[in-house]
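Now for the letters of each chain:
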Amino acid sequence: EVVTFTAFLAELIRDKKLTVKNTGAQYTVQDSPILARDLEEVAPIREILSACGSVNEMLLNKEYTMLAGNLIMNEYMPNVIEAVASNRWINAKNADAKVLVTASTAEYAMLSKTKPEGVELKKVEEVVAECL
């Protein structure tokens, strides 16, 4: 059986094998297109973040998510991928995001490169580590 990292982490929290504290922080999910579209997995990251705080959805989420970065595409069209990541920050800010959270390393890299002031960017594992 193949299990994604986010599904495994959500199961650990759900089964109380990993105990997290709800800090009351507000998290906005940047859904990974691979998880959301290819694997049709959108619930686990929301379960994780709901255990740690609350989830504030932005427009174009879950299976309708927008790509926020791709490292391979960045090698041959960096201006386009940087514009894609910058555009996703506009979506996040319009949703009043305080902390944008992603499970995708590629999206994290590009979002880090284009991050505006006034909002945080975290990987899902960072959020969990802060709530242990």
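Note that the structure is predicted; figures quoted are calculated from it, not measured. (Residues numbered from 1 in each chain as written. Predicted model: local features only at pLDDT ≥ 70, side-chain atom pairs only at ≥ 80, totals over all residues. Heavy atoms only, no water.)

Undergrad: What am I meant to see in the overall build of the protein here?
TA: Looking only at helices and strands, the protein features seven helices and four strands. Of the regular secondary structure in the protein, the N- to C-terminal order runs α-β-α-α-β-α-α-β-α-β-α. Here the C-alpha atoms of the protein give a radius of gyration of 14 Å, agreeing with the 14 Å that 2.2 N^0.38 yields for 132 residues. With respect to the principal axes defined by its C-alpha atoms, the protein has extents near 45 × 35 × 20 Å. A total of 132 residues make up the protein; the buried ones form 44% of that total. Pairs at least 24 apart in sequence give 71% of the contacts found in the protein among residues at least 6 apart. Carbon together with sulfur atoms contributes 55% to the accessible area of the protein, which is approximately 7200 Å² in total. If the 14 positive side-chain charges of the protein are averaged to one point and the 19 negative ones to another, these points end up 5 Å apart. (Helix = DSSP H or I, 4+ residues; strand = E, 2+ residues; numbered from the N terminus. Rg over C-alpha atoms; globule rule 2.2 N^0.38 Å. Buried < 20%, exposed > 50% of the residue type's maximum accessible area, 1.4 Å probe, protein only. Contact = heavy atoms within 4.5 Å. Areas by Shrake-Rupley, 256 points an atom, 1.4 Å probe, with all protein chains shown as cover. Lys, Arg positive; Asp, Glu negative; His and termini not counted. Charge placed at Lys NZ, Arg CZ, Asp CG, Glu CD.)

Undergrad: Even after reading the chapter, I still don't get the sheet that holds strand 2 (residues 53–55), so can you show me in this structure?
TA: Within a beta sheet, neighbouring strands are joined by backbone hydrogen bonds and run either parallel or antiparallel to one another. The parallel open sheet is built from four strands, whose spatial order is 2-1-3-4. In this open sheet, the two edge strands, each paired with only one partner strand, are strand 2 and strand 4 (120–123). With strand direction ignored, the average angle separating the axes of adjacent strands in the sheet is 35 degrees. The pairing of strand 1 (residues 25–30) with strand 2 spans three bridges and is parallel. Looking across to strand 2, one finds that glutamine 26 is bridged to serine 54. (Pairing = 2+ DSSP bridges. Axes fitted to C-alpha atoms, helices over the stretch in contact; angles between N-to-C directions.)

Undergrad: Would you mind going over the environment of glycine 69 with me for this structure?
TA: On the secondary structure map, glycine 69 appears in the loop between strand 2 and helix 4 (71–76). For glycine 69, a relative accessible area of 4% puts it in the buried group. Excluding residues within four positions of it along the chain, glycine 69 makes contact with Ile81, Ala106, Glu107 and Met110.

Undergrad: Would you take a moment to explain unusual backbone geometry for this structure?
TA: Most peptide bonds take the trans configuration, and most residues that are not glycine carry a negative phi. Unlike most non-glycine residues, glutamate 40 shows phi in positive territory, near 55 degrees. By the element assignment, glutamate 40 lies in the loop between helix 2 (33–38) and helix 3 (43–52). You will see that lysine 62, though not glycine, has its phi angle at about 50 degrees, which is positive. Take lysine 62: it is sitting in the loop between strand 2 and helix 4.

Undergrad: So what exactly am I meant to see when it comes to the packing of helix 1 (residues 5–14) against helix 3 here?
TA: Angle between the axes and distance between the axes: these two values describe a pair of packed helices. At their nearest, the axes of helix 1 and helix 3 sit 8 Å apart, and the two run at 40 degrees to each other. Here helix 1 lies oblique to helix 3, going by the angle between them. Here the hand of the crossing between helix 1 and helix 3 comes out left-handed. Counted together, Thr6, Ala7, Leu9, Ala10, Ile13 and Arg14 of helix 1 and Pro44, Glu47, Ile48 and Ala51 of helix 3 form the full contact between these two elements. Partitioning the contact of helix 1 with helix 3 into residue classes produces seven nonpolar, one polar and two charged. (Parallel < 35°, antiparallel > 145°, perpendicular 65-115°, else oblique. Left-handed = near helix turned anticlockwise from the far one by under 90°. Nonpolar A, V, L, I, M, F, W, Y, C, P; charged D, E, K, R; others polar.)

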